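Close look at the chain arrangement
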Amino acid sequence: PRPAAGALDWHLQTLRAPQAWALLGGPDAIDWTGVRVGHPDTGFTEHPAFGFGQAGGPWVDTAMARTLITPSDTGVPVVEPGGGRDPLSGLSASHGTRVGTTINGHAPRDGFRGVAPRVPLVPVRMTDSVWINHAQREWAQAVDHLVRVAGVSVINCSLGAFASAVRPELRAAVNQAYEAGVILCCAAGNIVADVVPPASLARTLAVGGTTREDRPWYGSAYGPQTDWSAPAAGLRRANVSAGPRFGYAEGGDGTSYATAISSGAAALWLARHRGALAAAYPQPWQRVEAFRQVARQTARVPAVWQPGAFGAGILDLAALLAAPLPPASALVKAPPA
C-alpha cells in the first residue's frame, strides 16, 4: 500500500527528510552537480523509480555501470547481460534495485521517493548474494572503478563478509576510498551479533538498524564499531518480480536499507556544503571524518537506547544538514583497514 495522498513513507518522516530537502530547494529541485553515488551490488533493473520511462530519466549512469560478477553462486550458468544489469538470478536477485531506489528513487505518481531523489547512481554488478566472502576481489575492483574512473563521492555497501574471511584486496579498497575522500557507508549486518566487514573496519561508516518505534531492530548486528543507526524494518521499497514486473512492496527489512538511507544522507550533505568542502578540508579523508562527526553529533537519541551498541543515535537528516562544518583541526584520521 502507498501512503495517503501527500504523505510520505514512515521512514522518511522519521528521518525528517522533508525538512532536509527544503534546505536544498525541495525534493524535485536538488542540484546534484558533483555528487554521485556508487553502488556495488547485484546490479540494476529498469524500474520506474530509477527514472526509466520518466521525463529526464534515468538517474542511473548506464554508461559507467559495469558487470564484474563471476559465475552464479548457485552453480547454474547465467547469461550475464552486462553493463551492470541484474538478470534476476541468484540468492539476492533484485537486491540492487531495492536498495538503490531507497537511495535515489523518484516516482511521485506512485508516492515513492528515496532519501536523495534523483542523485546520479553508478551501479556495479559484482555479486549474486549479499554475503561476499567469495566476491571480495570483485568488490575491490568495483570500488576501484567507482573511485578512479566514475568519480563517485559516496559508495553504498549493503553487503558483508565474515570477519575470518577478510582478504587484503578488500582492505586495500577501503583504504583507497578513504584516502580519496569517498564516504563509504556499510551495513552492520543481519542476523549475526557482531558487526561484519567491511563495516567493522575503522575507515568505513557502520550503520545499524532501527524500527518504526525507534527501537533497535532485532535482526541488526551491533557493537562499538557502529556509528549510528537508521530505519531497517518494514520499509516500503521498490520491488521486482519475474517478467520483469515492477512495483512497490512492504517488507524491506535489513541493515541494507539503513545503509542506503545513510548513503542518501551523505549525498544530501555533500550537496548542501558543495562549495565549502574543498576550502574547509585540504586532505580528502577529512571529508569522510567530517561527515561521520556531524552525523553522530546530530543523531537523535530515543528514550530507550544503547549507545555502545547501536551507535550515537538515529540519523536525523534535517539536523545533519543544518549543522555547521567541523574545523579540520577537530578531525582524526582513522587507522588503515
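Residues numbered from 1 in each chain as written. Predicted model: local features only at pLDDT ≥ 70, side-chain atom pairs only at ≥ 80, totals over all residues. Heavy atoms only, no water.

Here we take up the sheet that holds strand E8 (residues 205–210). The sheet built from seven strands is open, its strands ordered E2-E5-E1-E6-E7-E8-E9 with parallel pairing. Of all the strands in the sheet, just strand E2 (66–67) and strand E9 (226–231) have a single pairing partner and so form its edges. In this structure, E2 lies alongside strand E5 (residues 121–125), joined through two bridges in parallel fashion. Bridging across to E5, Thr67 finds its partner in Arg125. Strand contacts of helix H4 (residues 136–149): strand E1 (37–41), E2, E5, strand E6 (154–157) and strand E7 (183–187), with the helix running at about 160 degrees to E1, the strand carrying the most contacts. (Pairing = 2+ DSSP bridges. Helix = DSSP H or I, 4+ residues; strand = E, 2+ residues; numbered from the N terminus. Contact = heavy atoms within 4.5 Å. Axes fitted to C-alpha atoms, helices over the stretch in contact; angles between N-to-C directions.)

It is worth spelling out the packing of aromatic side chains at this point. The final tally for this structure, using the stated rule, is nine aromatic pairs. Pairing Trp228 with Phe291 gives two aromatic rings, centres 5.7 Å apart and planes at 85 degrees, and the pair type is edge-to-face. Remark: Phe291 occurs in helix H8 (residues 285–298) and Trp228 occurs in strand E9; sequence separation between them is 63 residues. An identical accessibility class is assigned to Trp228 and Phe291; each is buried. Ring geometry for Trp269 versus Phe291: centroids 5.4 Å apart, planes at 55 degrees, classification tilted. A residue pair is termed long-range when its members are at least 10 positions apart, and Trp269 in helix H6 (residues 255–272) and Phe291 in helix H8 qualify at 22 residues. Given a relative accessible area of 0%, Trp269 falls into the buried group. (Phe/Tyr/Trp six-rings, centres within 6.5 Å; stacked < 30°, edge-to-face > 60°. Buried < 20%, exposed > 50% of the residue type's maximum accessible area, 1.4 Å probe, protein only.)

With that settled, the discussion passes to the pairing of E8. Of all six residues making up E8, six are buried, and the element is well covered by its neighbours. Side chains Leu205, Val207 and Gly209 of E8 all project onto a buried face; the interleaved residues Ala206, Gly208 and Thr210 project onto the opposite face, where all are buried too. Pairing analysis gives five bridges linking E8 to E9, with the strands arranged parallel. Looking at the pairing, Gly208 lines up with Ser229 of E9.

Take the confidence of the model for the chain next. Looking at the chain as a whole, the pLDDT averages 95, with 96% of positions reaching at least 70. Ranking the elements of the chain by mean pLDDT puts strand E11 (residues 245–252) last, at 93, and E7 first, at 99. (pLDDT = per-residue confidence, 0-100.)

Here we take up the environment of Gly308. By the secondary structure assignment, Gly308 is in the loop between H8 and helix H9 (317–322). What makes Gly308 exposed here is its relative accessible area of 53%. Here the alpha-carbon distance between Gly308 and Pro282, two residues 26 residues apart in the chain, equals 32 Å.

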